[in-house]
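For reference, the chains in residue letters:
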There are 2 protein chains.
Amino acid sequence: MEEIERSAKPPTLAMVAARAGVGRQTVSYALNMPQRVAPQTLAKVRAAIDELGYRPNRVARSLRTQATRTIGYRIQPTPHGVPSPVLDRFVHALAGTARRQGYNILLCAAEDDGEELEVYDELIRTAAVDAFVLSDPVYDDPRPAWLAERGVPSVSFGRIWGREHASAWVDVDGAAGTRAAVDHLVELGHRQIAFLGRPEDRATVDDRFRGWKSAVQDHGLSVRGRVVRGPAESLGQAREVAARLFGGKRPPTAVVASHDLLAIACYHEATRRGLRIGDDLSVVGFDDSLPALMAQPALTSINQPLELVGQEIVRLVVGILAGELPPDHEVVLQPSLVVRESTRPATPHH
Amino acid sequence: MEEIERSAKPPTLAMVAARAGVGRQTVSYALNMPQRVAPQTLAKVRAAIDELGYRPNRVARSLRTQATRTIGYRIQPTPHGVPSPVLDRFVHALAGTARRQGYNILLCAAEDDGEELEVYDELIRTAAVDAFVLSDPVYDDPRPAWLAERGVPSVSFGRIWGREHASAWVDVDGAAGTRAAVDHLVELGHRQIAFLGRPEDRATVDDRFRGWKSAVQDHGLSVRGRVVRGPAESLGQAREVAARLFGGKRPPTAVVASHDLLAIACYHEATRRGLRIGDDLSVVGFDDSLPALMAQPALTSINQPLELVGQEIVRLVVGILAGELPPDHEVVLQPSLVVRESTRPATPHH
DNA sequence: CCGGTTGTGTGGATCGTTCCACATGTGGAA
DNA sequence: TTCCACATGTGGAACGATCCACACAACCGG
């Protein structure tokens, strides 16, 4: 007889009020400002809430408060069939932390950067989100300012360069990562340590480059002829870039790559030349992605604390929306070197 | 002087009505049932909409219609540090298609399966979503029925076995994939073709197994002693499983793996035994993930049409919500074999 | 005993849209 | 002419929460 009613209409705040024998507003206070209501009344209201299994309707609340407690995030398109390996750990952390803070993550997809702003515009004008999380910022990224003009705060994964508009971001200290890689290689006895990276279109790569450069110099080693840069949108492209490593008369004994993809491309080119990774050439990647783990030998790589990044980003978004943090708050997190089999002591005959 | 007003309050339907000199309801009709209003009036209203840059407020609409046009999707946790490589192409397609249909995707995160239902419950009771997309169903998956009891439809990526509750799904024909792999290998001259898979905890693996088995039998080859199964939650585990391939007295010349991870584990074990992939042992993976592309030699693998799966899932969700499709609609899509370097003609000396 | 402050509780108005019921004008069938 | 069907347009009510203004005590110091 105590059968639970299936898919019956959910209880409303008014029903709870009636049940508890109080006014509607009192229930609202009990929910949002418990200290505003007398302890005895609070108990009554809470009992009624539990009995009815009441949960406030998010939509109604949003309409009245003009805030959806929803954060928009554009998931990146997958260029040239090479998906971003970093994505899912990060997004998972984002969604998990958001939930714990009472926020939701709304996904958007856009094919290109022009469409991206269109999508954002749509979401803003239909009042679907309160804020955005951005990722992969470029130099002088227009998005934060564009959003700010429309009254929508944003937090970026990756620091925003260019000072037109101060904006909030959380970034991983890439320089510290490559520095750790160089230190590790020097400790193994390497003296010819190259840097392999994409062109400077994104600040991320530059940051990693600077870490490598200053560390190499600090160890009194030369950076001349040790930098190879080129586009790496696909494995084929990356291999072409990696091939240039072996062109000079004194090839490096170790390589620090700005991405795991380039590191793997290094594997391919080294193997093609009869060099064994680890023994003849040490390689360090960046991102600690799945291919790094799967490579033979397993790739030493720099791990970004993506879970923490996601948490911090949500913390900033919520703080900024609540007015408790300035809209240009910045956070830098430290990566960690994961040593695997691709880095070994330098062999004497080099 | 034509300065655009920054972050001014967005126009409402009432403002559009005033501007066009018509009633509010007329504007609403113009938006949702254009054929209900006279062409001349429609033009006036549309002009007013354009001039003001009006977009209907999603929240208000949701409150009134009791539908959010939002679909929930739980992104899977990443077990043991090995993320699902399949995720991001799929999610991107999901979000893109949803947007084109006027729907949004809301992400949820849950650590374990118990928490998953809790999260769903919260979203349902706060009226945040209209439907859910499920993935990685298990045998007799309780989720569709649980959701249906609460009046919420769902569509699963992966077929739902068990007949307690008929439910909608979109799946890739895994058996056709492994069958294609076997056909390909037989054509290359292989006669000892093994299957490497996880235990039958998920229907997916079973499906792939059946394809391999029937294809092998159809070619008049033996399946005896050619099946190796075991847990593959990490690369280490997978290698242990793969190692069993080489135990017997007549090791296979070719392997069909139920996942790329297992295929890669095969690479490792083969290499450890001095066998060359391609020359001494042909390997086919499943999922066509990034590690497959990066492996040396590049792994022949079975590609799932994830973009299409995402599109179809959204189509089903929208159709079911509109009452135009039955809540147990089923769709099967075909995978395709991507031939790379890991499969070569069988060598005579085997 | 008064004016003021604080603590607590309340119902009406409101957010922006769609549903509902109804008003009007037109035209064709009876 | 009468009647009904149909096309078109309208304002009030409703969705379910919060904001606002206010009511009513209790308590304070003067």
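Residues numbered from 1 in each chain as written. Chains lettered and ligands numbered in written order. Predicted model: local features only at pLDDT ≥ 70, side-chain atom pairs only at ≥ 80, totals over all residues.

This paragraph deals with the overall build of chain A. Helix and strand content of chain A: 13 helices and 12 strands. By the compact-globule yardstick of 20 Å for 350 residues, chain A is too spread out, its C-alpha radius of gyration being 26 Å. The dimensions of chain A, computed from C-alpha atoms along their principal axes, are 90 × 50 × 35 Å. Per-residue burial for chain A yields a buried fraction of 48% across its 350 residues. Of the contacts made within chain A by residues no fewer than 6 positions apart, 67% connect residues no fewer than 24 positions apart. (Helix = DSSP H or I, 4+ residues; strand = E, 2+ residues; numbered from the N terminus. Rg over C-alpha atoms; globule rule 2.2 N^0.38 Å. Buried ≥ 20, exposed ≤ 12 C-beta atoms within 10 Å, placed from the backbone. Contact = placed C-beta atoms within 7 Å.)

This part takes up the protein's contact with DNA strand C. The immediate surroundings of DNA strand C are formed by 25 residues, with V22, G23 and T41 of chain A together with L13 and A60 of chain B found nearest. Mapped by element, the contributors of at least two residues to the surface near DNA strand C are α2 (24-32) and α4 (58-65) of chain A together with α1 (13-20), α2 (24-32) and α4 (58-65) of chain B. Broken down by class, the residue content of the surface near DNA strand C amounts to 10 nonpolar, 10 polar and 5 charged. (Near = placed C-beta within 6 Å. Nonpolar A, V, L, I, M, F, W, Y, C, P; charged D, E, K, R; others polar.)

A separate point is helix α6 (residues 113-125) of chain A. All names here are of chain A. The terminal C-alpha atoms of α6, which comprises 13 residues, lie 19 Å apart, in line with the 18 Å expected from a rise of 1.5 Å per residue. Every buried residue of α6 is accounted for by Y120, L123 and I124. All buried residues of α6 lie within an arc of 100 degrees about the axis, which places them on one face of the element. Within α6, the exposed residues directed more than 90 degrees away from the buried face are G114 and E118. Of the surrounding secondary structure, the elements contacted by the buried residues of α6 are β1 (70-75), β2 (104-109), β3 (131-135) and α7 (143-149). A positive phi of about 55 degrees marks A127, the residue just after α6. (Expected span 1.5 Å × (residues − 1). Arc of directions from axis to C-beta.)

Attention shifts here to the relation of the copies chain A and chain B. The two copies are related by a screw motion: chain A maps onto chain B through a turn of 180 degrees and a shift of 0.0 Å along the axis, at an RMSD of 0.1 Å. The transformation relating the two chain copies, once decomposed into turn and shift, fits a two-fold axis. In this assembly, 100% of the residues forming the interface of chain A have copies in chain B that are likewise at the interface, indicating an isologous arrangement. (Least-squares fit on C-alpha atoms with pLDDT ≥ 70 in both.)

Counting residues at the interface gives 51 residues for chain A and 51 residues for chain B. By residue number, the principal contributor to the side of chain A that touches chain B is helix α5 (residues 87-100) of chain A, which donates 8 residues. Among the residues making up the side of chain A that touches chain B, the classes are represented as 28 nonpolar, 14 polar and 9 charged. Relative to strand β2 (residues 104-109) of chain B, β2 of chain A runs antiparallel, the two sharing 3 bridges. Paired with L106 of chain A across the strands is L106 of chain B, a residue of β2 of chain B. (Pairing = 2+ DSSP bridges.)

On to the sheet that holds strand β10 (residues 300-303) of chain B, then. Residue and element names in this part refer to chain B. Taken together, 6 strands build an open sheet; the order of strands is β7-β6-β8-β9-β10-β12 and the sheet is mixed. Two strands bound the open sheet, and with one partner strand each, they are β7 (227-229) and β12 (336-338). This sheet shows a mean twist of 20 degrees between the axes of neighbouring strands, independent of strand direction. Note that strand β6 (residues 193-197) and strand β8 (residues 254-257) share 4 bridges and pair parallel. Bridge pairing in β8 links A194 to V255. The sheet strands contacting helix α9 (residues 203-218) are β6, β8 and β9 (282-286), and the helix crosses β6 at an angle near 170 degrees. (Axes fitted to C-alpha atoms, helices over the stretch in contact; angles between N-to-C directions.)

What follows deals with the confidence of the model for chain A. Here chain A shows a mean pLDDT of 91. Residues at 70 or above account for 93%. A low-confidence stretch, residues 1-6 of chain A stays under pLDDT 50, and its non-local contacts, those more than four residues away or across chains, total 1 contact. (pLDDT = per-residue confidence, 0-100.)

Once that is clear, we can look at the environment of P305 of chain B. Residues and elements named next belong to chain B. Mapped onto the fold, P305 is located in the loop between β10 and α13 (306-321). According to the C-beta neighbour criterion, P305 is partly exposed, with 16 such atoms within 10 Å. Separated by 97 residues in the primary sequence, P305 and R208 have C-alpha atoms spaced 16 Å apart.

This part covers unusual backbone geometry. In this structure, the amide linkage connecting Q296 of chain A to the following residue, P297 of chain A, adopts the cis form with an omega of -10 degrees. With respect to the helices and strands, the residue P297 of chain A is situated in the loop between α12 (290-294) and β10 (300-303). Of note in the backbone geometry, R69 of chain A takes a positive phi value of approximately 55 degrees without being a glycine. Its location among the elements puts R69 of chain A in the loop between α4 and β1. The buried category is assigned to R69 of chain A, around which 20 C-beta atoms lie within 10 Å. Positive phi, normally seen in glycine, also occurs at D140 of chain B, with a value near 50 degrees. Structurally, D140 of chain B can be placed in the loop between β3 (131-135) and α7 (143-149). Judged by local crowding, D140 of chain B falls into the partly exposed class, with 13 C-beta atoms found within 10 Å.

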